[in-house]
Every structure is written in C-alpha cells, then in structure tokens.
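Fold and geometry: a report
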Amino acid sequence: MKSSRTITLTREALIGGLLAFILLAILAFTLLPSLFLWVTTPKPAETAAREGAQAILSIDTDKSRADWERSVCKVSNGPGCEVFKTTLAAMIWPGAERNSLRQACQPTDAGLVKNIQGEDVTRQAWSVTLDCRDLRTDEISAGEVLVFVAQVGEGWKFERIAFEEEVNHAK
Amino acid sequence: MQNNKSRAIVLISLAFIVAFSLVLAPATPVRASEGGGWGDFIDADGNILPGVIEGGEVSMSADWMPNFPAWTGIEMDATYNVMTSENGSSVLIPSMTTLFFMALNPIESGLTDANGMLGSGAGGMLLSGGLLGAGNVSLSNLFQALTGMSQVQADQFADAAIAGNGNIWSILNPFSGQTDLSTILMELANRSLQDGNIYLMAMLYESCLTSPTGCPEELCLVNPAACGLPTPDPEAPTPEPTPTEPPTCPGPNVEQAWPTISIRPTAPNYPVVVGQDPDQRGVDIQASVSIPPVVYTWYEPIYEDVQECRASGGGTSNCTRANGQPGWLRTVPVLVGCEFRQELLPEQITQLTARSAITAASRDWIVNGLGAHWYGAQVKQGAFNLNNYAQVNMGCNGGTCTGSLTALGIPYADPGFHDLTITVGTAGTFHNGRMITTPRILTGSGQVGVWVILPALIDANP
C-alpha cells in the first residue's frame, strides 16, 4: 500500500527561506575569511618570539658583529637590546668567530609556555622551534629554544633566550 | 675611540678599587687581597703606572658559564679586562656579568672555596674592591653589590650557589616574575652603563706565564725574563735583529676552466652526395665554443702609518729600540690587512674557423674500391674551408665568451667520411692592461658521413 505526502510551500515561506539563505551566505563570506585569518595569523607575542629567536641564532661571522647586534635590537624591547649589546653579544660573538659560525635560522613552530606577570612588566615564555642551516655546508640542525617576550604598550617585543640551565630547572 | 673608552672605564674602575683596597686595606686587611698586587699596576691616585700593558677586553671559554642549547652552536665566553705589569704580574678583571656567573658557580669558577669564602680564584689571587670595599667579603656581599638585592635574598642565593647541583637555577625561576634572570641581567647592564662597568674583583697572577691569557708580546720584548725567555748578556754586543721579510699579502691566483668546443652535422640524417640529391639540399654543420671566464683572485694590501723606533735617522736619538739601543722615530707604513678581491675576466675569441677533409680511408675507397667498378671515379673536393658556407658569431657575456659557426647546405660531392675540425684563437686575458693568461688555440673535431646511391644488377629469373 502506498502512501503519499504532499508538502505545500507557501509563497511567503519560499521568500523567507530564500532571504535567510542569502543572509547566511553574506555572513559566511564576510566573517569566515577574517575568522580564518584570525586563527592562522601569528599573534603579536608569537611573532616577537619567532623574530627574536631567528635574529639571535642567525649568526654569520662573515658579516660584522654590529650587523648582528642591529638585527637583534631591531626586534627587541629597550632593556633586552641593552642587555644584549652590553653583555651577551660580547660573550657570544668571540666564540662564534672561533668556531667560524655561519648559520641562518628559520622558525618553524611556536607555542605559548607561560604568561608571567612581573612587578613592572608582563612577559610571556614561548617555545620556538627553528631550522638552522649551516651556510658553509648546507646542513640543517633543528631544535627548540625558550624565548621570553615582554609587553610593550599594546604590542610585544623580544627580550632574550633562556639558558639551558634555566630551562632544565624550570620544568 | 674604543680603546680610549676602555681605558677610561678601567681607570674609573681602578680608582674605585684603589680607593678601597689600598687606602682601607691596611686597616681592615682582606684575606683575598693579601700581597697588595695592585701596587704593580696603579699608584695611590688610581693612575696606571708607566710600563703597564693594557691588553683590553679578552674573552675565554669557561665551563662554568651558562649555555644555550647545544644544537644552536652558540657558546658563552667569560669576558675580562687584562693588564700586565712591567715585572710580569697580570690581572684579569671580570666584567660584572662574568663575575655574576662566577658567583652562580663559585666553586667551579674558583671564586670561593667550599665554605663560600672568597679565595684563590682560577689559579690567581683574588683582589676585591669597588663597591665591595676591602673588608671581609662573602659571596652574599658580592651578590648584593652586583645586583642590589636584599641581604636575605643574597644569603639565599649564596647558600644555593655554594650547595651546587643547579640549586641556584631553581631560585632563578624564569617563570616567577620576581627573581628571574631577565631582571638581574638588566640590572647588571644598567649598572655597567651607569657606573662605567665598575669592576668589583680581579684575579691577580704573580706571573703572566700562569695567567690564562699568557704574556703580551710587548712585555717579552722589554722583559724577556718575565716571559720565561733567556735574558741577553748585557756585556755582549747586541746585534741588530736579523731583518725578516716584511709581512705581505698572499700572491694572486688564476683559475682557468676547460672550454667546451664541438662541431657536428645537424641535418639531414643520411645526406647523399649532392650530385645524387634531386633537391641539392647539402649538409648542415654546426660548430660552437664556450670559454668560461678566467677567475683572477688577488689581495689588496692595506697599510697604516705607524711610528717605529728605527736604528737610523737624523739628529738626536728620540727613542729606545727593543734591544735597548738608541733609535729614531720614523713613520713607516705597516701592513694591517689584506683585502680579498676577485674578478671574472673574459677570454675573447679572435678567430673561429672550421674545415672539412675527407678521411684517408674514404679517399682510398673512392679511388680503388669505387674506381674499380665505376671507371674514372675520383675525389672531387677532398678538403675545404667551412667558413665559405657559414655564418660566424662571436661575443662575451658576463665573463663567458662564446662563438658559433653555422654552415647550411654544404654541397658534399664526395661520398665517405669527412673529418670536421674547428679551430678557435683567443686573445688571452688581461687585468688593468696586464696580461694574466696568454692567447690560446683551441681545437675540436667531429665527423660527417656522406652516402652514395649505387645501382646493382639483380638476376630477375633465379
């Protein structure tokens, strides 16, 4: 035995449905790209962490120490730049020259490790993964570094890379 | 400029150190400062004594310095300012940051003994001064002086540092937001900037021979004994030092790569003698040569004028030579460096010729083989210049010089194999009008086969 069902679409319902569909389509077209962009674009703090790690690890002793210092200070906050220029650079560069270090590093991944609320400054610790290419042999070494970034106004700037001893005892 | 700045920094630092160490030391002697080694370097006013050699800032790798992850290839050196006195004693003055890291690893760095007392450091005697003063100094005092932290916190730091096993790093928790290294490093950087990098401690070595930085060359010249070298007999006449070849830059280098050269037929696949070809097409032949640039490398010497005390001169002697004899100051150019230079020089082509010549075997076959069946068969062309049928192009681009010869429709009249040869003449290479490489004759060879159609009688009724 066969049963039949008749669905009747009134004109009003048809127009209402069509309007709802158009509204949904407009929303999708306007909101989805910006939502996708929001999800995929690195956040300011992440960008600062990536840029800082890249700048400090990309050492080319065929160029000058001043070039290297400039590239690090360009992405650092004021105190981070001062610490780097007055102390760390003088301690790192001679060893790099001794080992004829020439490498170009590229961050491949980054993840937030911790928000750190200090007395005067808000920091974030980021784990940044990088590929470093030896410019003499083209060999690539990869690994992670713990990077500190500090909030500067509305944005974030690179501060420093943690020493291995800090990372080992901070776990 | 940099030297002046370093000198000023050292002077300011030493003024502080002297003020505390020399003036206060007799009243409150410091165990680490016993022996008063500063007297070899500075007077009571903090002025560096004549004859003291300032070595400037030096860096040395040290096991106790913190590390970046090994895969980064980055090492952290300890940095010191070095001075050597006339008698060979030497001081290593660690920068504030280096001293802080020494304090974090006090036993490994030789800053303290196992009880935390500042003692003999890294083989040298420790001298304290600056903000530390010259009283009884403990590691806790040093932490306070370096970072401005409270007594309680400094005691905690000192206990953890002496306990070792990385306990100090547990206190320096980077996630705490309070006693983290970022804040301390900034404090050290600020103090270095504001106070002219005041040095709080120094390591005194009684002889530069035992100092990690060794003896400076200037000292060995004026005081060989201080460097462990034999002392010349003052009675013996001092010979003039044997003139040695002045330092020079490495000589120039010329690299000449092999050229590529070829000649070959390009069409048709099976050419026949022109007399048998109804289209009279002939043979196409292509020849080419490519000469890579000559790589000329040389070093440009860089000289700076310096004043030297020489054995000859006019007027009254105005200086003393290394051997103690009077001398005359003269401005002489001294080689201070060699600048690497490299240029790619084109080796221009002056002539390009190509020739075709029937092989001896084919000539023999025409005369004896073919001639036996076809009366009167003979070699018609033999050898000829392909340039008569060809267009030649030559030129250089980016240091590479190329040449080509394209001969189209060459009417070969003789069947058989023909040897093809290409001969290229070059002008050599020149740099600023000077010949770097001599002209060359380059040759290449190929072969083209020309076919002949011979009728044959076939028995139609086998």
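Keep in mind that this is a model prediction, so the values were computed, not measured.

Examining the interface of chain B and chain A
By a widespread convention, an interface's size corresponds to the accessible area lost as its parts come together. Listed per partner, the contact involves 32 residues of chain B and 35 residues of chain A. Counting only elements with at least two residues in the side of chain B that touches chain A, the list comes to strand 1 (53-61), strand 2 (77-84), helix 5 (167-171) and helix 6 (181-194) of chain B. Among the elements that line the side of chain B that touches chain A, the one with the most residues is helix 6 of chain B, at eight residues. Class assignment for the residues of the side of chain B that touches chain A results in 16 nonpolar, 14 polar and two charged.

Some words on the sheet that holds strand 8 (residues 283-291) of chain B
Strands in a sheet are paired, the pairing made by backbone hydrogen bonds, and the direction either parallel or antiparallel. All names here are of chain B. The sheet built from four strands is open, its strands ordered 7-8-15-14 with antiparallel pairing. If you trace the sheet from one side to the other, it starts and ends with strand 7 (260-267) and strand 14 (390-397), each paired once. Sheet twist, expressed as the mean angle between neighbouring strand axes with direction ignored, is 10°. The pairing of strand 14 with strand 15 (residues 400-410) spans eight bridges and is antiparallel. What sits directly across from asparagine 397, in strand 15, is threonine 400.

Brief notes about helix 4 (residues 78-98) of chain A
All names here are of chain A. Under the 1.5 Å per step criterion, the end-to-end length of helix 4 is 29 Å for 21 residues, consistent within 8% with the ideal 30 Å. Taken as a whole, helix 4 carries its principal kink of about 55° at leucine 88. Directly beyond the C-terminal end of helix 4, a positive phi value near 50° is found at serine 100.

Here's the deal with the environment of cysteine 220 of chain B
Looking at where cysteine 220 of chain B falls in the secondary structure, it is placed in helix 7 (residues 217-222). Taking the C-beta count within 10 Å as the criterion, cysteine 220 of chain B has 18 such neighbours and is therefore assigned partly exposed.

Quick notes on the sheet that holds strand 19 (residues 441-450) of chain B
All names here are of chain B. Ordered by their spatial adjacency, four strands build an open sheet running 13-12-16-19, and the pairing between neighbours is antiparallel. Only two strands of the sheet have a single partner each, and these edge strands are strand 13 (383-385) and strand 19. On average, adjacent strands in this sheet sit at an angle of 20° to one another, irrespective of strand direction. In terms of strand pairing, strand 16 (residues 416-426) meets strand 19 through 10 bridges, oriented antiparallel. Within strand 19, the position partnered with threonine 423 by the bridge is threonine 443. Sheet strands touched by helix 8 (residues 360-373): strand 12 (349-358) and strand 16. Its angle to strand 16, the strand with the most contacts, is close to 145°.

Concerning the packing of helix 2 (residues 44-57) of chain A against helix 3 (residues 65-75) of chain A
To describe two helices that pack against each other, one gives the angle between their axes and the distance between the axes. Residue and element names in this part refer to chain A. Remark: helix 2 packs on helix 3, axes separated minimally by 9 Å, with the N-to-C direction vectors making an angle of 170°. In terms of axis orientation, helix 2 runs roughly antiparallel to helix 3. Packed against helix 2, whose contacting residues are Ala48, Glu51, Gly52, Ala55 and Ile56, the element helix 3 presents Ser71, Val72 and Val75 at the interface. Of the residues that constitute the contact of helix 2 with helix 3, the class distribution is five nonpolar, two polar and one charged.

A look at the packing of helix 3 (residues 139-147) of chain B against helix 4 (residues 151-163) of chain B
All names here are of chain B. Here helix 3 crosses helix 4 at 125°, and the two axes come no closer than 8 Å. Considering their axes alone, helix 3 and helix 4 lie oblique with respect to each other. Relative to helix 4, helix 3 is oriented so that their crossing is right-handed. Here helix 3 contributes Leu139, Ser140, Phe143 and Gln144 to the contact with helix 4, which in turn contributes Gln151, Ala154, Asp155, Phe157, Ala158, Ala161 and Ile162. Here the residues of the contact of helix 3 with helix 4 sort into seven nonpolar, three polar and one charged.

Brief notes about the nonpolar core
If you look at the biggest cluster of nonpolar residues, it comprises 90 residues, and the most contacted ones within it are Ala49, Ala53, Trp126, Val147 and Val149 of chain A together with Ala103 and Leu146 of chain B. Counting residues per element, this core draws most heavily on helix 4 of chain A, which supplies eight residues. With near-sequence residues (within four places) excluded, alanine 49 of chain A lies in contact with Ala110, Trp126, Val128, Val147, Val149 and Phe158 of chain A. Core analysis: the second largest hydrophobic core is formed by 22 residues, Leu386, Ala407, Tyr412 and Val450 of chain B among them.

Concerning the confidence of the model for chain A
In this model, chain A carries an average pLDDT of 88, and 93% of its residues clear a pLDDT of 70 or more. Of all helices and strands in chain A, the one with the weakest mean pLDDT is helix 5 (residues 164-170) of chain A (82), whereas helix 2 of chain A scores best (94).

Procedures and definitions
Residues numbered from 1 in each chain as written. Chains lettered and ligands numbered in written order. Predicted model: local features only at pLDDT ≥ 70, side-chain atom pairs only at ≥ 80, totals over all residues. Contact = placed C-beta atoms within 7 Å. Helix = DSSP H or I, 4+ residues; strand = E, 2+ residues; numbered from the N terminus. Nonpolar A, V, L, I, M, F, W, Y, C, P; charged D, E, K, R; others polar. Pairing = 2+ DSSP bridges. Axes fitted to C-alpha atoms, helices over the stretch in contact; angles between N-to-C directions. Expected span 1.5 Å × (residues − 1). Bend = angle between axes of the 7 residues up to and from the residue. Buried ≥ 20, exposed ≤ 12 C-beta atoms within 10 Å, placed from the backbone. Parallel < 35°, antiparallel > 145°, perpendicular 65-115°, else oblique. Left-handed = near helix turned anticlockwise from the far one by under 90°. Core = buried A, V, L, I, M, F, W, Y, C linked by C-beta atoms within 7 Å. pLDDT = per-residue confidence, 0-100.

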